[in-house]
Amino acid sequence: MALKTLAISDNVLLKYEVKIDILNETFWCGLLSLHELLAPVVKWITILEGDRCIISSVPRAWKEIKTTYEELLDDSPLPLNECAHLKLLMKERSNLSMQPIHFAANILDLKFNGKHLTREQKVLGTELIHDRAVYQYPEDTHSVEQILTDLAYYKQSEGSFAKPFVQKTIKTLPAIMWWRSNCEPKLCSIAIDILSMPATSAATARSFSRYGNVHTKKRNRLLSDRAGKLTFVSFNLKIETFKENRQSGKQKRIMFVTPWNGKEFGLRAEELEAKHLELEVEYSDFETEYSEFEAEYSKLDVKCLEIEANRSG
């Protein structure tokens, strides 16, 4: 709406073609359609590139993105050839970014238990768990068979996994904590190893940056083992501090700089949210006023056309 206000303002110089595009409802409908297409991509990039161990959510993310594109792509303003090319790229990208490790994690995550996977993906995920068991117990076939048996019971909610208390804790405990407390140690160790992996390399890249702050020119005699331990403590301490502050309500203030005087001011997350709601109310009022103004402008435009018609007549 702000751009539309600029388009009809006498104080702003815009090309006629630009004004026509801004005031054209088809342009805004197309822009909104593109926004809806990109929204799930932006959402999942933000989530998956965080520091949380959510590798199991990768198949869920791709399923949501694919569903959105299947529903909206055909009605988007993109040409048909670009839509077909985009579908092909989506398929190639999903095949590249989803590997058996993601399928295994989705199976071992209690919230999902493989519900975002196809039959073939479930087989690949189960095969990776089997290969991991063989790697951990290369000469102990009994342990490998026991792991696969426990996995089958877990997937079907049978045996010890069928107890009401176990099913209740599935809804309340994080996946890694649940595996530590409710399962046989052999399958538990494999599940924790898989679920503890980062979803993307973004967290790893941040740890490299933290390592650069630990192993500096002034501390160049640090051995790799000690530098690695210091980096581990530094990286995880930041995560734990954030969790404690979030639970206690002592969230870090977000700093802003006012452009007119250069002064800094801080807002906590809840204060920022309240400010956002206040601005939304103000924007809603402005939108109402603008709609009334637009209606008056349309009437004036009709009158101008009538005057021009009378003059030409």
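Residues numbered from 1 in each chain as written. Predicted model: local features only at pLDDT ≥ 70, side-chain atom pairs only at ≥ 80, totals over all residues. Heavy atoms only, no water.

(A) Focus on the nonpolar core. Core analysis: the largest hydrophobic core is formed by 43 residues, its most contacted members being L108, W179 and I194. If one sorts the elements of this core by residue count, helix α11 (residues 185–195) sits on top with 7 residues. (Core = buried A, V, L, I, M, F, W, Y, C linked by side-chain atoms within 4.5 Å. Buried < 20%, exposed > 50% of the residue type's maximum accessible area, 1.4 Å probe, protein only. Helix = DSSP H or I, 4+ residues; strand = E, 2+ residues; numbered from the N terminus.)

(B) Quick look at the side chain of S56. In this structure, S56 sits in the loop between α3 (25–48) and α4 (58–72). Among all residues touching S56, those that are not within four sequence positions of it are A105, N106, D109, F112 and L195. (Contact = heavy atoms within 4.5 Å.)

(C) Representation of the packing of helix α6 (residues 100–108) against α11. Look at α6 against α11: their axes get within 9 Å of each other, and the N-to-C directions meet at 120°. With respect to α11, the element α6 is oriented oblique. As α6 runs across α11, the sense of the crossing is left-handed. Contacts between α6 and α11 involve I101, A104, A105 and L108 from the former and A191, I194 and L195 from the latter. (Axes fitted to C-alpha atoms, helices over the stretch in contact; angles between N-to-C directions. Parallel < 35°, antiparallel > 145°, perpendicular 65-115°, else oblique. Left-handed = near helix turned anticlockwise from the far one by under 90°.)

(D) Quick peek at the pattern of salt bridges. Following the criterion strictly, the structure yields 5 salt bridges and no others. Here R132 and D193 are joined by a salt bridge, their closest N and O atoms 3.3 Å apart. Here R132, found in helix α7 (residues 119–136), pairs with D193, found in helix α11; they are 61 residues apart in sequence, far enough to count as distant. Judged by its relative accessible area of 33%, D193 is partly exposed. For the salt bridge of K229 with D225, the shortest nitrogen-to-oxygen distance reads 3.5 Å. Taken together, the residues span about one helical turn, with K229 and D225 both in helix α13 (residues 224–248) at a distance of 4 residues. Here D225 falls in the exposed class, since its relative accessible area comes to 54%. (Salt bridge = Lys/Arg side-chain N within 4 Å of Asp/Glu carboxyl O.)

(E) Quick peek at the environment of S234. As for its placement among the helices and strands, S234 is situated in helix α13. It is 7.6 Å that separates the C-alpha atoms of S234 and R210, two residues lying 24 residues apart in sequence. Within the structure, the side chain of S234 is placed 3.0 Å from the side chain of R210, a separation counted as a polar contact. (Polar contact = N/O pair within 3.5 Å; in protein donor to acceptor, adjacent residues only side chain to side chain.)

(F) The confidence of the model for the protein chain, seen in detail. Here the protein chain averages 77 in pLDDT, while 74% of its residues score no lower than 70. Per-element mean pLDDT across the protein chain ranges from 42 in strand β1 (residues 254–257) up to 94 in α6. (pLDDT = per-residue confidence, 0-100.)

(G) Structural view of the packing of aromatic side chains. A full pass over the atoms with the stated rule returns 3 aromatic pairs. Ring plane angle 45° and centroid distance 6.4 Å describe the contact between Y154 and W178, whose orientation is recorded as tilted. Taken together, the residues Y154 in helix α8 (residues 141–156) and W178 in helix α10 (residues 175–181) connect sequence positions 24 residues apart. Exposure remark for Y154: the relative accessible area of 4% places this residue in the buried category. Between W178 and W179 the ring centres are 5.1 Å apart and the planes differ by 85°, which places this aromatic pair in the edge-to-face class. (Phe/Tyr/Trp six-rings, centres within 6.5 Å; stacked < 30°, edge-to-face > 60°.)

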